[in-house]
Protein chains: 2
Amino acid sequence: MTSTALLTDHYELTMLAAALRDGTGDRPCVFEVFARRLPDGRRYGVVAGVNRLLAAIRDFTFGEAEITQLRDHAVVDDATLEWLANYRFTGQIDGYPEGELYFPGSPILTVRASFAEGVVLETLALSILNHDSAIASAAARMVSAANGRRMIEMGSRRTHEEAAVACARAAYLAGFTATSNLEAGRRHGIPTAGTCAHAFTLLHDSEEAAFRSQVESLGADTTLLVDTYDITEGINKAVAIAGAELGAVRIDSGDLGVMARQAREQLDALGAKNTRIVVSGDLDEYSIAALRAEPVDAYGVGTSVVTGSGAPTAGMVYKLVEVDGRPVEKRSSHKESRGGWKGAVRRHKDTGTALEEVVFQAADQPEVGPHDRLLQIPLVRDGQQTDQVPTLEQSRERLRAALVSVPWEGLKLSRGEPAIPTVHLKKES
Amino acid sequence: MTSTALLTDHYELTMLAAALRDGTGDRPCVFEVFARRLPDGRRYGVVAGVNRLLAAIRDFTFGEAEITQLRDHAVVDDATLEWLANYRFTGQIDGYPEGELYFPGSPILTVRASFAEGVVLETLALSILNHDSAIASAAARMVSAANGRRMIEMGSRRTHEEAAVACARAAYLAGFTATSNLEAGRRHGIPTAGTCAHAFTLLHDSEEAAFRSQVESLGADTTLLVDTYDITEGINKAVAIAGAELGAVRIDSGDLGVMARQAREQLDALGAKNTRIVVSGDLDEYSIAALRAEPVDAYGVGTSVVTGSGAPTAGMVYKLVEVDGRPVEKRSSHKESRGGWKGAVRRHKDTGTALEEVVFQAADQPEVGPHDRLLQIPLVRDGQQTDQVPTLEQSRERLRAALVSVPWEGLKLSRGEPAIPTVHLKKES
């Protein structure tokens, strides 16, 4: 286990030190993670990272290396160091499970703990949820655009090496079929895929030699990359060498729609009717959608998915909303939070189509009808993860089902309003 | 040590397996990292991540956990697994040191090794260089815009938790003064900073109580966040409690220019003439520049720096450019590479202003004049890091000096051409 305790902003520990000193550190508090808005023009967000966060909270402990660092740099006083050395989160966490949709103001995660215990988790919670949700939200749009075709995430090289592993996970959660990232296979059990790059062809004395070697090593049911020199010749050679049992050809450059059509005709004419066509190369949700009418069997997606396709962070915040049972909120600007411990229910028509996200004060839960769904589940009780936390496969299925419930306008790729409105119920008083 | 070996794309290992099998794996090769273009409209890029990459290559070893994963999932055959179990990079690496500028086509990193040894490093090299260079490139523009004022990186919460540590490092390399990220302090020795968030004020029964507690804990030379309720009242209270020795006030919302001016007048009127003004809240290079005329002493920058301010990845590629001494290149599209093992020299006027980036074939190095600089340095020899790899502090200084050499149009924030052209010398034949 590697400690996650220093993946934290300096000010959380200075706040902690002051609060321990003046006695307010013990006050029971509620912190809430929410997004003020969706990324510009997006219709929905996808919650991701919750399970990674729960694991990171288990590893949030201050061992000798962490304490020494804080002492040597005089970040906090000795009394605070002693408190940190004994730190274990012992509070309650409820939240939207992974794969659930969220909208502006959705109470995605609610942490109930003493101020001291809760304040130190701000950065860790936001880093993980903001990153993974941004990727899953972009990936879900691509999966929608692909309309059931296979999607391979291959963006590791375009993002931080550890973020790449989390991106593979978030994309898989959103419905991608596989990833190129081997560590994501090991750590999260995600199927991995890959065959050869242009370098392999260039290494050999001829394209034929490269194809022959690949087929000998990986079998005829492999994917040959046919665009190193001339695509038409490449496809001829590929089928000549692998036979009609060739698994797939991959095209990574050029006008992919035109290329795919020509390749399909050529493959069919060569008798390779079952050979699939994989396209890659700067694809995003728009270009994936634009290829819908083309004979493409699978998409390889890189940069756009790991950078959130224009929205690399989800913009969620972690706000103190209740102290000692009284709602609190910042009041100086338009950036106000809504105070109070809150929950949410999503209302649906009897056809199953989502109608609205209703955010309520926890003490005033409205009636939950037969077509409604309470959105938070218990994630942590007295510091221990509950048995209600879904697996990655279950979350993948949850998202698939949730997207079916979105009104059809909400699935459009074009910019617009959130798919459903968020309604804030006032506290009855 | 944690192995970095699986932070790798599946296809690198399948290529390796086929190349080991057909004998081409031993061919001496040259791989080159370069960027086809700068992010849209940018004038220069900043190389970052090189030292992290060198450390990651040292940790690129296949232990039992990695081998078991690859065997269980039949990624490669047993002969390849055996080869991987003995893997140690033994080749040569030259490259631009961290803090050097780069332009389209600059040979940022050159790896000379057998195909087998070099091909497996593609993803790791690109993940680290693309991420860190994107952040450093954005951060350098912000540092330029801030014109000598203090810059605090506080974006950890807006990016993957481990990427956050690398972002803090890249921002510091680019000239930021400090980071909020405690792990970046531990791992890279970067100064950390932070005091209190709005939550600390909300936790207390009054703003006065919060300020008093903070000053008692952190001393009068602290930064009080004055915009939780009313900024004018907040500043009055801050000075009343901390006295004229108050270190700084921070304003995190509203029209920062107007607020900073009002705050300065108010502080001066209260006799707190040395109290600094820190602003934060959705700042990027443009808003930093727009605040140049205002009495701002320091900027806290979050989202924009960790997301590369619109360019979250540097778009560098890792291409095979030479096999067995002969140049190779992909030829099917506009995405062609330029084959051959290359080096680069930057030419300058005798005033020190950069003129052009000259990329040459390694065998045909042009004359290097007194004002020119060869851009690559030896990073690895026979698998061992050389003693010429600069420290983070040295790289910070290198960038500062390199930016001074950029023609003035090249430092403009507006979109435009690269600050200097890249000239490719043809191979003499």
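Residues numbered from 1 in each chain as written. Chains lettered and ligands numbered in written order. Predicted model: local features only at pLDDT ≥ 70, side-chain atom pairs only at ≥ 80, totals over all residues. Heavy atoms only, no water.

Caption draft 1: Summary view of the overall build of chain A. Along the backbone of chain A there are 15 helices and 19 strands. Here the C-alpha coordinates of chain A stretch approximately 80 × 55 × 40 Å along the principal axes. (Helix = DSSP H or I, 4+ residues; strand = E, 2+ residues; numbered from the N terminus.)

Caption draft 2: Geometry of the interface of chain B and chain A. Counting from both sides, the interface comprises 87 residues of chain B and, opposite them, 87 residues of chain A. Across the chain B to chain A interface the summed buried area is about 7500 Å²; carbon plus sulfur atoms make up 59%. For chain B, the biggest contributors to the area lost against chain A are Arg157(B), Leu182(B) and Leu203(B); these three give 11% of the whole. Our enumeration of links across chain B and chain A arrives at ten salt bridges. In this structure, Arg157(A) engages Glu122(B) in a salt bridge whose closest nitrogen and oxygen atoms are separated by 2.8 Å. At the boundary of chain B with chain A, the tally comes to 46 residue pairs in polar contact (both at pLDDT 80 or more). The element that contributes the greatest number of residues to the side of chain B that touches chain A is helix α1 (residues 10-22) of chain B, accounting for eleven residues. (Contact = heavy atoms within 4.5 Å. Buried area = accessible area lost by both parts, 1.4 Å probe. Salt bridge = Lys/Arg side-chain N within 4 Å of Asp/Glu carboxyl O. Polar contact = N/O pair within 3.5 Å; in protein donor to acceptor, adjacent residues only side chain to side chain.)

Caption draft 3: The sheet that holds strand β11 (residues 298-301) of chain A, seen in detail. Residues and elements named next belong to chain A. Ordered by their spatial adjacency, six strands build an open sheet running β7-β6-β11-β10-β9-β8, and the pairing between neighbours is parallel. Only two strands of the sheet have a single neighbouring strand rather than two, namely β7 (178-179) and β8 (223-225). Examined bridge by bridge, strand β6 (residues 150-153) and β11 share four bridges and lie parallel to one another. Counterpart to Ile-152 in the pairing with β11 is Gly-300. (Pairing = 2+ DSSP bridges.)

Caption draft 4: The arrangement of the pairing of strand β6 (residues 150-153) of chain B in detail. Residue and element names in this part refer to chain B. As judged from the two bridges shared by β6 and strand β7 (residues 178-179), these two strands associate in the parallel manner. Residue pairing in the sheet places Ile-152 in a bridge with Ala-178 of β7. A crossover links β6 with its parallel partner β7, the connecting element being helix α7 (residues 161-173), and its sense is right-handed. (Right-handed = clockwise from strand over helix to strand, strands pointing away.)

Caption draft 5: Helix α7 (residues 161-173) of chain A, seen in detail. All names here are of chain A. For α7, with 13 residues, the first-to-last C-alpha span of 19 Å sits near the 18 Å given by 1.5 Å per residue. Within α7, twelve of the 13 residues are buried, leaving the element largely enclosed by the surrounding structure. Turning to α7, its buried residues are Glu-161, Ala-163, Ala-164, Val-165, Ala-166, Cys-167, Ala-168, Arg-169, Ala-170, Ala-171, Tyr-172 and Leu-173. (Expected span 1.5 Å × (residues − 1). Buried < 20%, exposed > 50% of the residue type's maximum accessible area, 1.4 Å probe, protein only.)

Caption draft 6: Main features of the nonpolar core. If you look at the biggest cluster of nonpolar residues, it comprises 262 residues, and the most contacted ones within it are Phe115(A) and Phe115(B). Beyond its immediate stretch of four places on either side in the chain, Phe115(A) contacts Met15(A), Ala19(A), Thr24(A), Gly25(A), Arg27(A), Cys29(A), Phe31(A), Leu320(A), Ala199(B), Phe200(B) and Leu203(B). (Core = buried A, V, L, I, M, F, W, Y, C linked by side-chain atoms within 4.5 Å.)

Caption draft 7: Fine view of the sheet that holds strand β19 (residues 422-424) of chain A. All names here are of chain A. Taken in spatial order, the four strands of this open sheet run β16-β14-β15-β19, and their pairing is mixed. Strands with a single pairing partner mark the edges of an open sheet, and in this sheet they are β16 (373-374) and β19. Bridging between strand β14 (residues 342-348) and strand β15 (residues 354-361) involves seven bridges; their strand directions are antiparallel. Each residue of the ladder has a partner; that of His-348, found in β15, is Ala-354.

Caption draft 8: Just the packing of α7(B) against helix α15 (residues 392-404) of chain B, in detail. Residues and elements named next belong to chain B. The interhelical angle for the contact between α7 and α15, taken along N-to-C directions, is 50°, at an axis separation of 8 Å. Judged by the angle between their axes, α7 and α15 are oblique. Touching Arg-169, Tyr-172 and Leu-173 of α7 are Leu-392, Glu-393, Ser-395, Arg-396 and Leu-399, all from α15. Across the contact of α7 with α15, the residue classes tally to four nonpolar, one polar and three charged. (Axes fitted to C-alpha atoms, helices over the stretch in contact; angles between N-to-C directions. Parallel < 35°, antiparallel > 145°, perpendicular 65-115°, else oblique. Nonpolar A, V, L, I, M, F, W, Y, C, P; charged D, E, K, R; others polar.)

Caption draft 9: Geometry of the state of the cysteines. Here the structure, examined in full by the defined rule, presents zero disulfides over all chains. We note that Cys29(B) lacks a disulfide partner, and the nearest cysteine sulfur, in Cys196(A), lies 14 Å from it. (Disulfide = S-S within 2.5 Å.)

Caption draft 10: Expanded view of the pattern of salt bridges. What the rule picks out here adds up to 56 salt bridges over all chains. Taking the shortest distance from any N to any O, the salt bridge between Arg261(B) and Glu294(B) comes out at 2.7 Å. Taken together, the residues Arg261(B) in helix α12 (residues 256-269) and Glu294(B) in the loop between α13 (285-290) and β11 (298-301) connect sequence positions 33 residues apart. Residue classification places Arg261(B) among the partly exposed residues on the basis of a relative accessible area of 40%. With a relative accessible area of 12%, Glu294(B) lands in the buried category. Residue Glu356(B) pairs with Arg347(B) through a salt bridge whose shortest N-O separation is 3.9 Å. Overall, the relative accessible area of 24% leaves Glu356(B) in the partly exposed class. Members of the salt-bridge network, linked through shared partners, are Asp9(A), Glu12(A), Glu122(A) and Arg157(B).

Caption draft 11: Layout of the relation of the copies chain B and chain A. Turning chain B through 180° and shifting it by 0.0 Å along the axis lays it on chain A, with an RMSD of 0.0 Å. The transformation just described matches what one would write down for a two-fold rotation axis. When the interface residues of chain B are mapped onto chain A, 100% of them are again interface residues, pointing to one common binding face. (Least-squares fit on C-alpha atoms with pLDDT ≥ 70 in both.)

Caption draft 12: Up close: the UniProt feature "domain: Quinolinate phosphoribosyl transferase C-terminal" (unreviewed entry) in chain A. UniProt records the feature "domain: Quinolinate phosphoribosyl transferase C-terminal" (unreviewed entry) at residues 135-304 of chain A, using the numbering of this structure. For the annotated span residues 135-304 of chain A, helix accounts for 49% and strand for 13% of the residues, and the straight-line distance between the end C-alpha atoms is 9 Å. (UniProt positions renumbered as here; feature names shortened; annotations may be inferred.)

Caption draft 13: Seen up close, the environment of Thr61(A). Residue and element names in this part refer to chain A. Relative to the elements of secondary structure, Thr-61 occurs in the loop between α2 (50-58) and α3 (64-72). The buried category is assigned to Thr-61, whose relative accessible area is 14%. With 57 residues separating them in the primary sequence, Thr-61 and Thr-4 have C-alpha atoms 7.1 Å apart.

Caption draft 14: Region of interest: the domain arrangement of chain A. Residue and element names in this part refer to chain A. Looking at the assigned domains, one finds that chain A contains domain 1 (10-135 + 313-424) and domain 2 (148-310). A straight line from the C-alpha centre of domain 1 to that of domain 2 covers 37 Å. If you look at the interface, domain 1 gives 18 residues, while domain 2 gives 21 residues. Roughly 1500 Å² of surface becomes buried between domain 1 and domain 2 when both sides are summed, with 63% attributable to carbon and sulfur atoms. When the area that domain 1 buries against domain 2 is broken down by residue, the three leading residues are Ile-135, Leu-392 and Arg-396, summing to 42%. Connecting domain 1 to domain 2 are one salt bridge. One salt bridge in this structure joins Glu-98 and Arg-169, with 2.7 Å as the shortest N-O distance. Those elements that place two or more of their residues in the side of domain 1 that touches domain 2 are α2, α6 (122-146) and α15 (392-404). If you tally residues by element for the side of domain 1 that touches domain 2, the top one is α15, at five residues. Taken together, the residues of the side of domain 1 that touches domain 2 sort by class into seven nonpolar, five polar and six charged. (Domains from an automatic or database assignment.)

Caption draft 15: Spotlight on empty space enclosed by the protein. By the definition in use, this model includes four cavities of 30 Å³ or more. Along the walls of the largest cavity sit 18 residues, with Thr159(A), Val306(A), Pro312(A), Thr159(B) and Pro312(B) positioned nearest its centre. Looking at the lining of the largest cavity, the elements with two or more residues in it are α6 of chain A together with α6 (122-146) of chain B. (1 Å grid on protein atoms, 1.4 Å probe; cavity = no way out; pocket = protein on both sides within 12 Å on 5 of 7 lines; lining within 4 Å. Points joined across faces, edges and corners; volume = space filled by probe spheres on them.)

Caption draft 16: Inspection of unusual backbone geometry at higher detail. A positive phi angle is found at Asn147(A), which is not glycine, with a value near 55°. Here Asn147(A) shows up in the loop between α6 and β6. Not every positive phi belongs to a glycine, and Asp282(B) is a case in point at roughly 55°. As for its position among the elements, Asp282(B) is in the loop between β10 (276-280) and α13.

Caption draft 17: Geometry of the layout of surface pockets. A volume near 1500 Å³ is recorded for the second largest pocket. Among the secondary structure elements, those contributing two or more residues to the lining of the second largest pocket are α2, α3, α6, α7 and α8 (182-188) of chain A together with α2 (50-58), α7 and α8 (182-188) of chain B. Class assignment for the residues of the lining of the second largest pocket results in 18 nonpolar, ten polar and 16 charged.

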